[in-house]
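As a plain string of letters, each chain reads:
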Amino acid sequence: MPKGKGAATILRDITIGQHFPGNSPVHRLDPRIKILLTIAWVVVLLMRSNFIGMGIAALLLVLLYRMAKIPGRMVWRSTRPLLPILLFTTILQLFFNSQGRSLVQFWVINITTGGIYNALLFTLRIVILLVGVSLLTYTTSPIALTDAIERLLSPLSRLRFPTHELAMMMTIALRFIPTLIEETDKIMSAQKARGAELDSGNFIQRIKALVPVLIPLFLSAFRRAEDLAMAMECRCYRGGEGRTRLRQLRFTAGDLLATLFCLVVLGAIGASGYVVAPPF
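Remember, predicted model here, so these are calculated numbers, not experimental data. Numbering of residues begins from 1 in every chain and follows the order in which that chain's sequence is written. In keeping with the predicted nature of the model, local features appear solely for residues at pLDDT of at least 70, side-chain atom pairs appear and are counted solely at 80 or more, and the whole-chain, interface and lining totals rest on all residues. Only hydrogens and water are set aside when side-chain values are computed; all heavy atoms of the structure are taken into account.

A closer look at the overall build of the chain
Phase 1 of the analysis: Each helix is a run of DSSP H or I of at least 4 residues and each strand a run of E of at least 2, with the numbering of both proceeding from the N terminus. Within the chain, the regular secondary structure consists of 12 helices and two strands.
Phase 2 of the analysis: The helix and strand sequence of the chain, counted from the amino end, reads α-α-α-α-α-α-β-β-α-α-α-α-α-α.
Phase 3 of the analysis: For the chain, the accessible surface area stands at approximately 17,500 Å², while carbon and sulfur atoms represent 68% of it. Using the Shrake-Rupley algorithm and a 1.4 Å probe, accessible areas are obtained, with residue cover drawn only from the displayed protein chains.

Structure, rendered in structure tokens:
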């Protein structure tokens, strides 16, 4: 990779929080159902599972992404920046697991069959988990997410819990992730044009070189927050009280069928971890 191109390329590849408009069945699904199914997805994948369950989960993701017409290269671009972190966690799982038969033993290093199994399973689980959660923001607009979160938290409003404000803050934070990434890319390019060396030197030198990037980034974020608050005030925004919605959330028969199908698949993923024992 050419010098000075790595960090900027990684930032441009991150697509977390972006929305890709469409009219597929996945896009038309009730956002409340998508949020609940995403939570269930995270819980099931973090439970006891094996490669059979991960295979079922991968097939479900391929089906959903094909239905949503989201290109595979976009998924690869969003997961590629996380490869160093995944590699590091895989190595930790490989060296710090003593289950199974010992394969390599040198000094304090002991690589076993259980370590290899758990390392590969852990890496695959994180990738599938991330790709599955990203599907929520890919196929759901920020406005729909806000309405869905507010409706799901509406029972707490009886306890004077600020459900609308919380949903709005979560959605704004999610929406501004791509904006901040783009702003970081611009600041880094501007600093490099002034002769800053951001991608050279040792670890300490690279951390110090990020200071000229972080300070303008924080100032830009605060300025954007102030502009957004001023725009909301100028439009007489007063929160959820008395607020009407252009699109009302309705649970349809298609939502019910999609929910039942996903629950059956999630049940199969969760059950696979208890039916099939690890091979060690």
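Concerning unusual backbone geometry
Phase 1 of the analysis: Even without a glycine there, the phi angle at Lys69 is positive, about 60°.
Phase 2 of the analysis: Mapped onto the secondary structure, Lys69 falls in the loop between helix 4 (51-68) and helix 5 (72-79).

Notes on the layout of surface pockets
Phase 1 of the analysis: Volume-wise, the largest pocket comes out at about 1,000 Å³.
Phase 2 of the analysis: Every element with two or more residues in the lining of the largest pocket is listed here: helix 2 (25-28), helix 3 (31-46), helix 4, helix 7 (113-138), helix 8 (142-152) and helix 12 (253-275).
Phase 3 of the analysis: With six residues, helix 12 is the largest single contributor of residues to the lining of the largest pocket.
Phase 4 of the analysis: Any residue outside Ala, Val, Leu, Ile, Met, Phe, Trp, Tyr, Cys, Pro, Asp, Glu, Lys and Arg is labelled polar, Gly included; the first ten of those are nonpolar and the last four are charged. Considering only residue class, the lining of the largest pocket consists of 21 nonpolar, 13 polar and nine charged. Definitions used for this entry: grid spacing 1 Å over protein atoms alone; cavity, a set of points where a 1.4 Å probe fits but cannot get out; pocket, an open set with protein on both sides within 12 Å along at least 5 of 7 lines; lining residue, one with an atom within 4 Å of a point. Grid points are joined across faces, edges and corners, and a volume is the space filled by probe spheres set on the points.

Thoughts on the packing of aromatic side chains
Phase 1 of the analysis: Ring geometry is summarised as follows: Phe, Tyr and Trp rings, the Trp one being its six-membered ring, pair when their centres sit within 6.5 Å, and such pairs are stacked at plane angles under 30 degrees, edge-to-face over 60 and tilted between the two. In the structure shown here, the tally under the stated rule is two aromatic pairs.
Phase 2 of the analysis: Consider the rings of Phe51 and Tyr117, whose centres lie 5.2 Å apart with planes at 85°: the pair is edge-to-face. Taken together, the residues Phe51 in helix 4 and Tyr117 in helix 7 connect sequence positions 66 residues apart.
Phase 3 of the analysis: Per-residue accessibility, obtained with a 1.4 Å probe over protein chains only, is compared with the maximum for each type, and a residue is labelled buried under 20%, exposed over 50%, and partly exposed between these values. On the accessibility criterion, Tyr117 (12% relative accessible area) is buried.

Topic: the pattern of salt bridges
Phase 1 of the analysis: By convention in these notes, a salt bridge is any Lys or Arg side-chain nitrogen within 4 Å of a carboxyl oxygen on Asp or Glu. One pass over the structure, following the stated rule, counts two salt bridges.
Phase 2 of the analysis: Put simply, Arg32 and Asp30 hold a salt bridge, and the shortest N to O gap is 2.7 Å.
Phase 3 of the analysis: When its relative accessible area of 4% is taken as the criterion, Asp30 is described as buried.
Phase 4 of the analysis: Where Glu183 meets Arg224, a salt bridge forms, and the shortest distance between an N and an O atom there is 3.0 Å. Placement of the pair is Glu183 in helix 9 (residues 163-193) and Arg224 in helix 11 (residues 211-234), with a sequence separation of 41 residues.

Some words on the packing of helix 6 (residues 83-95) against helix 7
Phase 1 of the analysis: Each axis is a line fitted through C-alpha atoms, and for a helix only the stretch in contact is used; angles between axes span 0 to 180 degrees, taken between their N-to-C directions. Between helix 6 and helix 7, the shortest axis-to-axis distance is 8 Å and the interhelical angle comes to 150°. Relative to helix 7, the element helix 6 lies roughly antiparallel. As for the relative orientation of helix 6 and helix 7, their crossing is right-handed in sense. Each of Leu86, Thr89, Thr90, Gln93 and Leu94 in helix 6 lies in contact with helix 7, whose residues at this interface are Gly115, Ile116, Asn118, Ala119, Phe122, Thr123, Ile126 and Val127.
Phase 2 of the analysis: Here the residues of the contact of helix 6 with helix 7 sort into seven nonpolar, six polar and no charged. Throughout this description, any angle smaller than 35 degrees is read as roughly parallel, any larger than 145 degrees as roughly antiparallel, any in the 65 to 115 degree range as roughly perpendicular, and the remainder as oblique. Handedness of a crossing is defined here by the sense of rotation of the near helix relative to the far one, left-handed for an anticlockwise turn of less than a right angle and right-handed for a clockwise turn. We call two residues in contact when some of their heavy atoms are within 4.5 Å.

Considerations on the environment of Ser189
Phase 1 of the analysis: Residue position: Ser189 is located in helix 9.
Phase 2 of the analysis: It is 9.8 Å that separates the C-alpha atoms of Ser189 and Val213, two residues lying 24 residues apart in sequence.

What about the packing of helix 4 against helix 7?
Phase 1 of the analysis: Axis separation between helix 4 and helix 7 bottoms out at 10 Å; the angle between their running directions is 25°. When the axes of helix 4 and helix 7 are compared, the pair comes out roughly parallel. Two packed elements cross with a definite hand, and for helix 4 against helix 7 that hand is left-handed. Residues Phe51, Met54, Ala57, Ala58, Leu61, Leu64 and Tyr65 of helix 4 form the contact with helix 7, whose own contacting residues are Tyr117, Leu120, Leu121, Leu124, Arg125, Ile128, Val131, Gly132, Ser134, Leu135 and Tyr138.
Phase 2 of the analysis: Partitioned by chemical class, the residues of the contact of helix 4 with helix 7 number 15 nonpolar, two polar and one charged.

Considerations on a nonpolar patch on the surface
Phase 1 of the analysis: Residues Leu87, Phe88, Ile91, Leu92, Phe95 and Phe96 make up a contiguous nonpolar surface patch of roughly 620 Å² in combined accessible area.
Phase 2 of the analysis: Along the polypeptide, Leu92 turns up in helix 6. Like charges are joined within 9 Å and nonpolar side chains (Val, Leu, Ile, Met, Phe, Trp, Tyr) within 5 Å, but only among residues with over 30% relative accessible area and no salt bridge; these make up the patches.

Remarks on the side chain of Arg32
Phase 1 of the analysis: With respect to the helices, strands and loops of the structure, Arg32 is situated in helix 3.
Phase 2 of the analysis: You can call Arg32 buried: its relative accessible area is 15%.
Phase 3 of the analysis: Not counting chain neighbours up to four residues away, the residues in contact with Arg32 comprise Ala148, Arg151, Leu152, Leu249, Arg250 and Phe251.

Remarks on helix 3
Phase 1 of the analysis: Helix length check: helix 3 (16 residues) gives 23 Å between terminal C-alpha atoms against 22 Å at 1.5 Å per residue, within 8%.
Phase 2 of the analysis: Every buried residue of helix 3 is accounted for by Pro31, Arg32, Ile33, Lys34, Ile35, Leu37, Thr38, Trp41, Val44 and Leu45. To estimate the expected span of a helix, count its residues, drop one, and scale the result by 1.5 Å.

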